[in-house]
Amino acid sequence: MRNASIPVLAAALLWTSASAANAASWSRGDTGTNQISGTAIALGATSISQQTDNTPGIDGVSCGNENTGATLENSFYRRFYLSEHGAAPSATVSAVTIGLRDGDAGANDAVPITVNLYTIPASTPADTIPLAALTPIGSATLNLSVPAGNAPTSFTIPVTGTIADTAANNLVVEWTNGAGAQTLPGFYPANNTAAETHPSFIRAPECGTPAPVPFASIGFDSALIMVVEGSGLPVSLQQFEVD
């Protein structure tokens, strides 16, 4: 059962009638006072992130079916500006670590999650992810065993993709439960509220967002857990400060 539906004023008129059959709405699990968190994801010698704290938390939101408790199609994105991380002229991704938690409906031993890698021209306006600008460079799907108890958990998904020119292109990473999904039991991204250097994005067609939008634009300001590993991505050069 999904809890604590979140009204989305700006998008409500766009999706109310279209999604009535699925009773689609943004929601988050009932966190109450149980402010649990997972284990912090350590940055390795060749990994990058956009957060000051990579600990999976309970601040995620997703689009789901209120009647069934299923998580509908959701995609979550980050755009990495490789020049900010001191990347080599070319770089190769080898794995992506993300965070998930259950939707208060129990464990799910096989949540099929696909990670997609793209390049996007560096000239594309900052802090946007127009789908038409993306060029696929890699994809992988893995069934994740999500524990019950609302426990935020990290998962590493091996996936390979090469950015041949890191000056001309940024990296976009998407993870999704797939087109037309009705995932049961439901799940949420294990977001936290740590500071981030660039916004994280969500796309959920049933909830009126057919293109990626920042979480803040749907009235939910939280940060998506994502750590990218690979070669040409030196962590020693990607540290940052957030005012």
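About the thresholds
- Residues numbered from 1 in each chain as written.
- Predicted model: local features only at pLDDT ≥ 70, side-chain atom pairs only at ≥ 80, totals over all residues.
- Heavy atoms only, no water.
- Helix = DSSP H or I, 4+ residues; strand = E, 2+ residues; numbered from the N terminus.
- Buried < 20%, exposed > 50% of the residue type's maximum accessible area, 1.4 Å probe, protein only.
- Contact = heavy atoms within 4.5 Å.
- Areas by Shrake-Rupley, 256 points an atom, 1.4 Å probe, with all protein chains shown as cover.
- Salt bridge = Lys/Arg side-chain N within 4 Å of Asp/Glu carboxyl O.
- Pairing = 2+ DSSP bridges.
- Phe/Tyr/Trp six-rings, centres within 6.5 Å; stacked < 30°, edge-to-face > 60°.
- Core = buried A, V, L, I, M, F, W, Y, C linked by side-chain atoms within 4.5 Å.
- Axes fitted to C-alpha atoms, helices over the stretch in contact; angles between N-to-C directions.

Q: With reference to specific residues and values, describe the overall build of the protein.
A: A tally of helices and strands in the protein yields one helix and 16 strands. Burial status across the protein gives 52% buried among its 243 residues. The long-range share in the protein, meaning contacts at least 24 apart out of those at least 6 apart in sequence, stands at 83%. Carbon and sulfur atoms form 55% of the exposed surface of the protein, whose accessible area is close to 9700 Å².

Q: Tell me about the side chain of N191, residues and numbers included.
A: Take N191: it is sitting in the loop between β13 (187–189) and β14 (201–204). Residue classification places N191 among the buried positions, given a relative accessible area of 0%. If near-sequence neighbours (up to four positions away) are discounted, N191 is found in contact with G57, I58, D59, G60, F215, S222, A223, L224 and I225.

Q: Mind laying out the pattern of salt bridges, listing which residues take part and the relevant values?
A: A side chain with one charge may pair with a side chain of the opposite charge, provided their charged atoms come close. What the rule picks out here adds up to three salt bridges. A salt bridge links E73 to R203; its shortest N-O distance comes to 3.2 Å. Here E73 is found in the loop between β5 (71–72) and β6 (75–80), whereas its partner R203 is found in strand β14, with 130 residues between them in sequence. Between E196 and R78 there is a salt bridge, and its shortest N-O distance comes to 2.7 Å. One end of the pair, E196, is in the loop between β13 and β14; the other, R78, is in strand β6, with 118 residues separating them in the sequence.

Q: Please give an account of the pairing of strand β4 (residues 62–65) that cites residues and values.
A: Residue alternation in β4 divides its side chains into two sets, S62 and G64 and C63 and N65, and both sets are buried. In this sheet, β4 lies alongside strand β2 (residues 24–27) in antiparallel orientation, the contact comprising four bridges. What sits directly across from S27, in β4, is S62.

Q: I'd like a description of the packing of aromatic side chains, backed by residues and values.
A: Applying the stated criterion across every chain, the model contains three aromatic pairs. Measuring from ring centre to ring centre gives 4.5 Å for F76 and W175, while their planes differ by 35°; the resulting arrangement is tilted. One end of the pair, F76, is in strand β6; the other, W175, is in strand β11 (residues 169–176), with 99 residues separating them in the sequence. By the burial criterion, F76 is buried, and W175 matches it. Both rings, one in F76 and one in F215, keep their centres 6.4 Å apart while their planes meet at 5°; by these two values the pair is stacked. In this pair, F76 sits in strand β6 while F215 sits in the loop between β15 (209–214) and β16 (226–231), placing the two residues 139 residues apart along the sequence. Three or more aromatic residues joined by ring pairs make a cluster, and in this case those are F76, W175, F187 and F215.

Q: So what's going on with unusual backbone geometry? Residues and values would help.
A: Cis geometry marks the peptide bond from L184 to P185, where omega comes out at -15°. Positive phi is not limited to glycine here, since D127 has a value of about 60°. In this fold, D127 is placed in the loop between β8 (108–121) and β9 (135–146). When its relative accessible area of 32% is taken as the criterion, D127 is described as partly exposed.

Q: Before we move on, could you go through the nonpolar core and cite the residues and values that matter?
A: Residues V96, L100, I113, V173, W175 and V228 are the most contacted members of the largest nonpolar core, which totals 39 residues. Of the residues forming this core, the biggest block, five residues, is contributed by strand β7 (residues 91–102). Among all residues touching V173, those that are not within four sequence positions of it are F76, Y77, R78, F80, V96, V115, N116, L117, M226 and V228. Core analysis: the next-biggest nonpolar cluster, separate from the first, contains seven residues, I120, I129, V172 and F201 among them.

Q: Any details on the sheet that holds β6? Residues and values, ideally.
A: The strand order across the open sheet formed by six strands is β9-β8-β11-β6-β14-β15, and the pairing between neighbours is antiparallel. Every interior strand has two partners, whereas the edge strands, β9 and β15, have only one. Geometrically, the sheet is characterised by an average inter-axis angle of 20° between neighbouring strands, direction not taken into account. The sheet contact formed by β14 and β15 spans three bridges and is antiparallel. Residue I202 lies in a different strand from β15, and its bridge partner there is V213.

From the geometry alone we can't say anything about function, so treat these as descriptive.
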